[in-house]
Every structure is written in structure tokens, then in C-alpha cells.
Amino acid sequence: MGTYQSDDGAWDVVADRTRRAIMERLAERPQAVVDLAAGLPVSRPAVSQHLKVLKEAGLVAEQAAGTKRIYRLNAAGVAALRDQLDAFWRRALAGYQEMTDQPEGEP
């Protein structure tokens, strides 16, 4: 039996709770790795690795500020993820409505 393959790696990326925590912090304001790591139970190198994965998925962008790199959410990447979730939700609600609109006794 084959395994499920995701067409969009962004969902796999946000499945990790540390990455979600990083995204939540970046939603508050852009931050450097040192600031992000200060509030997380992982090391700065681990935060850097998570940021690299988030950046490759298009969810985070970075900008140089002197010797630091400042990370922020990539609005376009987050919007694409939101669009996929909205599409899923619309299909789920439509399926539910279709089921509830059937007369009793029909499968």
C-alpha cells in the first residue's frame, strides 16, 4: 500500500509544532533568530533550521539588518496556505449541507 503524498509541502512544514510556534511569533512582529529562540524550548541553531524549512516552503522571508537576519511571515505564502484551507472548508461544508438536505430515509 502506498503512502499519501502531499502536493504542497507547506502543510507538512506547519505540521511541526515548533514551526507553528515560530510562525505565531512572526505574526506578532518580524524578529531575529536570537529573539525567536529566547522564547522557545529549542536552541538557536534549531530555530535557524526551522526557519530554513519555513523559508523553502515560502512561508517566511528574511532581510539583512546589519549583521542580523530579520525574519517575517511571507504574506503570499501564508495566503496560499489559507486559500487551500478555505477551499477544503468550503468542500466540507458543501458535503455536510448536501447530506443534511437529503430527505429522511435516503442514503
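Owing to the predicted nature of the structure, the values given are computational and were not obtained by experimental measurement.

The subject of this paragraph is the sheet that holds strand β3 (residues 68-73). Spatial ordering of the open sheet is given by β1-β3-β2, a layout of three strands whose pairing is antiparallel. The two strands at the open ends of the sheet, each matched to only one other strand, are β1 (31-32) and β2 (60-65). Bridge count between β2 and β3: six bridges; the pairing is antiparallel. Bridged to A65 within β3 is K68. Where helix α2 (residues 17-28) meets the sheet, it contacts β1, β2 and β3, and its direction lies at approximately 95 degrees from that of β3.

This part takes up a nonpolar patch on the surface. A grouping of W11, L85, F88, W89 and L93 is seen on the molecular surface, where their side chains present a nonpolar patch of about 520 Å² in accessible area. With four residues, the single largest contributor to the nonpolar patch is helix α5 (residues 75-101). Inspection of the secondary structure puts L85 in helix α5.

Conventions adopted
- Residues numbered from 1 in each chain as written.
- Predicted model: local features only at pLDDT ≥ 70, side-chain atom pairs only at ≥ 80, totals over all residues.
- Heavy atoms only, no water.
- Pairing = 2+ DSSP bridges.
- Helix = DSSP H or I, 4+ residues; strand = E, 2+ residues; numbered from the N terminus.
- Contact = heavy atoms within 4.5 Å.
- Axes fitted to C-alpha atoms, helices over the stretch in contact; angles between N-to-C directions.
- Patch = residues over 30% accessible without salt bridge, like charges linked within 9 Å, V, L, I, M, F, W, Y side chains within 5 Å.
- Areas by Shrake-Rupley, 256 points an atom, 1.4 Å probe, with all protein chains shown as cover.
- Salt bridge = Lys/Arg side-chain N within 4 Å of Asp/Glu carboxyl O.

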